[in-house]
Amino acid sequence: MKNTPESLYSVASKLAIPLAAYFIGLFFLMNLVYEKSQYSLILFVLILMVPLLIYKYAKKYRDMFAGGVLSYMNAWRFCATLFIFASLLFSFFIYIYTTFLNTEYASWMMQTSIQYLEQIIKQAPKESEVAFAKEWLEKTKELSLPTPIEMAVQTFWMVLNGGFITALVVSFFVKKKPPFIGDQHNNDTITEE
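Here we summarise the structure given alongside this text. Every chain begins its residue count from 1, and numbering advances along the sequence as written. Side-chain atom pairs in this predicted model are given and counted only at pLDDT of 80 or more, local residue features only at pLDDT of at least 70, and totals for whole chains, interfaces and linings cover all residues. Computation of side-chain values covers all heavy atoms of the structure but excludes hydrogens and water.

**Notes on the environment of Phe-173**
Under the convention used in this document: Runs of H or I in DSSP of at least four residues are treated as helices and runs of E of at least two as strands, each being numbered from the N terminus. Whether a residue is buried, partly exposed or exposed follows from its accessible area with a 1.4 Å probe, protein chains only, as a fraction of its type maximum: under 20%, in between, or over 50%, in that order.
Within the element layout of this structure, Phe-173 appears in helix H7 (residues 148–174). Exposure remark for Phe-173: the relative accessible area of 53% places this residue in the exposed category.

This is the structure we're talking about:
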């Protein structure tokens, strides 16, 4: 199949569904880490696996839909499109979750953040860290709770920005130039003579 925008968008939209599901799983694991910190290493490893997952998807696109050849720009475009679709799906989930399934999520996050900052103030070894945490604690207490749509928009931009940066790196490893046919032809001619 040729590398056409239709195939790129079609493949990216289909692969965005499992990627968004992966982000939803990370979201629930992150909430679990707030309550039980022993899962933080698992969360960290799973977050680090996102570029590997994107690499796998981009390589699949290159090999199955782009004829095994993909320029850096087209690889980035595919990865960015994948993140656009996944960000939309994930932010839609956040909106549904905070509007209908867990309406107290924003206040829970605010209270958890306040408790975390208070714990840092108690345990920080340096006075500069204590001052920094106290400053953030005061700012956090002054914040108003975000609405579900604000949380969804924040989620969209956060995932999209991280995705674009990830795409810059992953595209470098996925790109593949076509073999130079002139060299192959010259080699065949030399051996025939």
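Read on for the rest.
**Digging into the side chain of Thr-112**
Defined as follows: Here a polar contact is recorded for every N or O atom pair within 3.5 Å, except that within protein the pair must consist of a potential hydrogen donor and a potential acceptor, and residues adjacent in sequence are included only if both atoms are side-chain atoms.
Tracing the backbone through its elements, the reader meets Thr-112 in helix H5 (residues 105–123). For Thr-112, a relative accessible area of 11% puts it in the buried group. Only 2.7 Å separates the side chain of Thr-112 from the backbone oxygen of Trp-108, close enough to count as a polar contact.

**A few points about H7**
As a reminder of what qualifies: Here a helix's expected span is defined as the number of its residues, less one, multiplied by 1.5 Å. One axis is fitted to the seven residues ending at the residue and one to the seven starting there. The bend at that residue is the angle between these axes.
Spanning 27 residues, H7 covers 37 Å between terminal C-alpha atoms, matching the ideal 39 Å at 1.5 Å per step. Of all the bends in H7, the greatest, near 25°, is centred on Leu-168. Among the residues making up H7, those that are buried are Met-151, Ala-152, Thr-155, Phe-156, Val-159, Leu-160, Gly-163, Thr-166, Ala-167, Val-170, Ser-171 and Val-174.

**Considering the nonpolar core**
We count it as follows: Remark: nonpolar core denotes a set of buried residues (Ala, Val, Leu, Ile, Met, Phe, Trp, Tyr, Cys) joined through side-chain atoms within 4.5 Å. Contacts between residues were defined by any pair of non-hydrogen atoms, one from each residue, lying within 4.5 Å.
The biggest cluster of nonpolar side chains holds 40 residues, and the ones touching the most others in it are Leu-19, Phe-23, Ile-54, Phe-78, Leu-82 and Phe-83. Those elements that provide at least two residues to this core are helix H1 (5–35), helix H3 (50–65), helix H4 (72–101), H5 and H7. With 11 residues, H1 is the single largest residue contributor to this core. Leaving out residues up to four positions away in the same chain, Leu-82 has contacts with Ala-12, Leu-15, Ala-16, Leu-19, Ile-54 and Tyr-57. Counting residues in each nonpolar core, the second largest holds seven residues, with Leu-117, Val-130, Ala-133 and Leu-137 among its members.

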